[in-house]
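# Fold and contact review
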Amino acid sequence: QVQLVESGGGLVQAGGSLRVSCVASGIIFGIGAMRWYRQAPGKQRELVATITRDDVTNYSNSVKGRFTISRDSGKKTVFLQMNSLQPEDTADYYCNADILRRDGWRTYWGQGTQVTVSS
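This report concerns the structure included in the present document. (Residues numbered from 1 in each chain as written. Predicted model: local features only at pLDDT ≥ 70, side-chain atom pairs only at ≥ 80, totals over all residues. Heavy atoms only, no water.)

Here we come to the state of the cysteines. A full pass over the atoms with the stated rule returns one disulfide. Linked covalently through their sulfurs, Cys22 and Cys95 form a disulfide whose S-S length is 2.1 Å. Sign of the S-S torsion, about -75° for the bond between Cys22 and Cys95, identifies this disulfide as left-handed. Taken together, the residues span a long stretch of sequence, with Cys22 in strand β3 (residues 18-25) and Cys95 in strand β9 (residues 91-101) at a distance of 73 residues. Accessibility classification places Cys22 together with Cys95 in one group, the buried group. (Disulfide = S-S within 2.5 Å. Helix = DSSP H or I, 4+ residues; strand = E, 2+ residues; numbered from the N terminus. Buried < 20%, exposed > 50% of the residue type's maximum accessible area, 1.4 Å probe, protein only.)

This is the structure in structure tokens:
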């Protein structure tokens with residue numbers, strides 16, 4: 001059974017930083033693109049950042065220049081370093097990854113980690 005588990009969320013003041021992590025576990029033959037999404041209360045889930053298998057990154061306009069996505073393929077982990085956090089960054093942050101299993105590629109989600117930015 002493949003699982004994605006996030007960690008590192010919490011409460012931070014505006015202007016502060018947090019780093020969230022997501023580790024994949026289970027019988028995994030390969031990992032493709034990894035992504036971070038977020039969902040604020042009452043809003044739709046939005047894609048925040050993507051990193052491909054070749055470490056090509058892409059960001060939403062709302063976080064570009066403040067957030068950095070990275071991965072450690074050996075440890076099956078993806079990170080999101082969040083700097084200059086603002087109250088509007090408050091949301092549940094979800095990890096998402098394309099994972100190669102014995103029976104082919106599937107996309108998995110983590111359970112989410114809460115990030116709260118106080119003004």
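What follows is about the nonpolar core. Counting 31 residues, the largest nonpolar core has Trp36, Leu80, Met82 and Ile99 as its most contacted members. Secondary structure elements with two or more residues in this core: β3, β4 (30-39), β5 (46-51), β7 (67-72), β8 (77-82), β9 and β11 (113-118). A per-element tally of this core places β9 first, with five residues. When sequence neighbours within four positions are dropped, the list of residues in contact with Met82 reads Gly16, Ser17, Leu18, Val20, Arg66, Phe67, Tyr93 and Val115. (Core = buried A, V, L, I, M, F, W, Y, C linked by side-chain atoms within 4.5 Å. Contact = heavy atoms within 4.5 Å.)

A few words on the packing of aromatic side chains. Tallied over the full model, the rule gives one aromatic pair. Plain terms: the ring middles of Tyr37 and Trp109 are 4.7 Å apart, the flat faces sit at 55° to each other, and that makes the pair tilted. One end of the pair, Tyr37, is in strand β4; the other, Trp109, is in strand β10 (residues 104-109), and 72 residues separate them in sequence. The class for Trp109 is partly exposed, based on a relative accessible area of 39%. Lying across the ring of Trp109, Arg45 places its NZ or CZ 4.7 Å from the centre. (Phe/Tyr/Trp six-rings, centres within 6.5 Å; stacked < 30°, edge-to-face > 60°. Lys NZ or Arg CZ within 6 Å of the ring centre and 35° of its normal.)

Further remarks concern the side chain of Thr50. Residue placement: Thr50 occurs in strand β5. Since its relative accessible area comes to 15%, Thr50 is described here as buried. Once residues within four sequence positions are removed from consideration, Thr50 is found in contact with Ala33, Met34, Arg35, Val56, Thr57, Asn58 and Ile69.

Taken together, four strands build an open sheet; the order of strands is β1-β3-β8-β7 and the sheet is antiparallel. The two strands at the open ends of the sheet, each matched to only one other strand, are β1 (3-7) and β7. Geometrically, the sheet is characterised by an average inter-axis angle of 15° between neighbouring strands, direction not taken into account. Two elements, β1 and β3, share five bridges in a ladder whose sense is antiparallel. Each bridged residue has a counterpart across the sheet, and for Val5 the counterpart in β3 is Val23. (Pairing = 2+ DSSP bridges. Axes fitted to C-alpha atoms, helices over the stretch in contact; angles between N-to-C directions.)

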